[in-house]
Amino acid sequence: MKLSNFNFNLPKELLAEFPAENRDESRLMVVNRKTKTIEHRLFKDILEYFDEGDVMVLNNTKVFPARLYGNKEKTGARIEVFLLRELNSEQRLWDVLVDPARKIRIGNKLYFGDDDSLVAEVIDNTTSRGRTLRFLYDGSYEEFRAKLTELGETPIPKYINREVVPEDAERYQTIYAKEEGAVAAPTAGLHFSKHLLKRLEIKGIDFAEITLHVGLGTFNPVEVEDLSKHKMDSEELMITQEACDIVNKAKVNKKKVCAVGTTTMRAMESSVSSQKTLNPYVGWTNKFIFPPYDFSVADCMITNFHTPKSTLLMMISAFMGHDLMKKAYEEAVKEEYRFYTYGDAMLIL
């Protein structure tokens, strides 16, 4: 499989700028791998496809307000600082991206907030846009983190060509988000409302939670024709024994195991035993799934509609078969499904 196999024509107007009015009323395309059939439903109809004892695996990572705007000392130039990850909490060191990057050199200071109460010093260059910052703030660690949250804004993806609105803070977050650390939302989970989760629970569906802190690498385009040469960014992953027990019991009982989202699928495939059971894990993963690939844990998945040439589309192709994926995506464009972060969903059975 080559990169060019994953190109398709996606009209600009199908990229969703805003989420559906109600989480669980986005559209749902249901694709059956066995019968090769496609149905058009609403997301809340997902209830009909699952039975007692089936398991849905959720990524409970929580997005933090990672995008800050500061001013460079002396010139006052406005600089976007995107927080990627904390490197050292005692020294308040962070791995960040800056934009425009050419102006930001080691030793520069950046000032944040109307009162300049937060200052950062550039102490290293990591990549062309990457920098290591040391934040200077009078106050405890808790107060410092509260200040970051106060000054930061929801890191909606760059393709969404609008200002952040207050609703984004709620809608660019799953309702079951718990463990803070992601800079991008695991988007398949955005479709679940409290009401829908309750109804699934009442029907006897079990939930297992894993944590994969989604990094900006999720948006990285693939730039090599030979997919085996593409390198994924590493992301932090935690899978508890409890989650493994829930998933493995379902497998023993021949129940469905549904990965909610590509991040959950990658997480589980990163920690599989030779018997195709899920193992506990704490560490990092840079797993890249592309065809051909033999999946070990989940037998169905929920996912959004992905952009051409993305690693996410490659995983979907590996899971549903390339021809069926192409058929489903042609249908999605024809039926004007909404694509990407705030778009509609697909259930692959």
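These figures come from a predicted structure and were not determined experimentally.

Rules used in this analysis
- Residues numbered from 1 in each chain as written.
- Predicted model: local features only at pLDDT ≥ 70, side-chain atom pairs only at ≥ 80, totals over all residues.
- Heavy atoms only, no water.
- Phe/Tyr/Trp six-rings, centres within 6.5 Å; stacked < 30°, edge-to-face > 60°.
- Helix = DSSP H or I, 4+ residues; strand = E, 2+ residues; numbered from the N terminus.
- Buried < 20%, exposed > 50% of the residue type's maximum accessible area, 1.4 Å probe, protein only.
- Pairing = 2+ DSSP bridges.
- Axes fitted to C-alpha atoms, helices over the stretch in contact; angles between N-to-C directions.
- Core = buried A, V, L, I, M, F, W, Y, C linked by side-chain atoms within 4.5 Å.
- Contact = heavy atoms within 4.5 Å.
- Domains from an automatic or database assignment.
- Buried area = accessible area lost by both parts, 1.4 Å probe.
- Salt bridge = Lys/Arg side-chain N within 4 Å of Asp/Glu carboxyl O.
- Polar contact = N/O pair within 3.5 Å; in protein donor to acceptor, adjacent residues only side chain to side chain.
- Nonpolar A, V, L, I, M, F, W, Y, C, P; charged D, E, K, R; others polar.
- Expected span 1.5 Å × (residues − 1).
- Parallel < 35°, antiparallel > 145°, perpendicular 65-115°, else oblique.
- Left-handed = near helix turned anticlockwise from the far one by under 90°.

Trainee: Can you break down the packing of aromatic side chains residue by residue, with the values?
Mentor: In the structure shown here, the tally under the stated rule is 18 aromatic pairs. The interplanar angle of 65° and the centroid separation of 6.5 Å between the aromatic rings of Y176 and F192 together place this pair among those described as edge-to-face. Here Y176 is found in the loop between α2 (166-171) and β11 (179-182), whereas its partner F192 is found in the loop between β11 and α3 (194-202), with 16 residues between them in sequence. What makes Y176 buried here is its relative accessible area of 8%.

Trainee: So what's going on with the sheet that holds strand β3 (residues 55-59)? Which residues, and what values?
Mentor: Strand order across the open sheet formed by 9 strands is β2-β1-β17-β16-β14-β3-β12-β13-β15, with mixed pairing between neighbours. The open sheet is flanked by β2 (37-42) and β15 (281-285), the only strands paired with a single partner. Averaged over all pairs of adjacent strands, the angle between strand axes in this sheet comes to 20°, irrespective of strand direction. Note: β3 against strand β14 (residues 257-260), 3 bridges, orientation parallel.

Trainee: Before we move on, can you summarise the nonpolar core with the specific residues and values?
Mentor: Residues M29, M320, F339 and M346 are the most contacted members of the largest nonpolar core, which totals 64 residues. A total of 7 residues in this core trace back to one element, the largest contributor, which is helix α6 (residues 311-320). Leaving out residues up to four positions away in the same chain, M346 has contacts with L28, M29, V31, M301, I302, T303, F305, M320, A328 and Y329. Counting 24 residues, the second largest nonpolar core, distinct from the first, contains F64, V96, L118 and L148.

Trainee: So what about the sheet that holds strand β6 (residues 78-88)? Which residues, and what values?
Mentor: Ordered by their spatial adjacency, 6 strands build a closed barrel running β5-β6-β7-β10-β9-β8, and the pairing between neighbours is antiparallel. Ignoring strand direction, the axes of neighbouring strands in this sheet form an average angle of 45°. Here 5 bridges tie strand β5 (residues 67-72) to β6, and the two strands are oriented antiparallel to one another. When the bridges of β6 are listed, L68 appears paired with V81.

Trainee: Can you break down the domain arrangement of the chain residue by residue, with the values?
Mentor: Looking at the assigned domains, one finds that the chain contains domain 1 (1-61 + 167-346) and domain 2 (65-151). Placing a centre on the C-alpha atoms of domain 1 and another on those of domain 2 gives a separation of 32 Å. Tallying the contact residues gives 5 residues for domain 1 and 7 residues for domain 2. Summed over both sides, the interface of domain 1 with domain 2 buries roughly 450 Å², with 63% coming from carbon and sulfur. Our enumeration of links across domain 1 and domain 2 arrives at 1 salt bridge. A salt bridge links R145 to E180; the nearest nitrogen and oxygen atoms lie 3.3 Å apart. Put simply, domain 1 and domain 2 have 2 residue pairs in polar contact (both at pLDDT 80 or more) between them. Taken together, the residues of the side of domain 1 that touches domain 2 sort by class into 3 nonpolar, 1 polar and 1 charged.

Trainee: Before we move on, could you go through helix α4 (residues 241-252) and cite the residues and values that matter?
Mentor: With 12 residues, α4 should reach 16 Å at 1.5 Å per residue; the first-to-last C-alpha distance of 16 Å fits that figure. Turning to α4, the residues buried within the fold contact β3, β12 (206-212), β13 (235-239) and β14. Downstream of α4 by one or two residues, K254 has phi in the positive range, about 60°.

Trainee: Describe the packing of helix α5 (residues 262-269) against α6, naming the residues involved and giving the relevant values.
Mentor: Contact pair α5 / α6: the axes reach a minimum separation of 11 Å and the direction vectors enclose 70°. Our classification of the angle between α5 and α6 gives roughly perpendicular. Crossing of α5 against α6: the hand is left-handed. Only L312, M315, I316 and F319 of α6 make contact with α5, whose side of the interface consists of T262, M265 and R266. Grouping the amino acids of the contact of α5 with α6 by side-chain chemistry returns 5 nonpolar, 1 polar and 1 charged.

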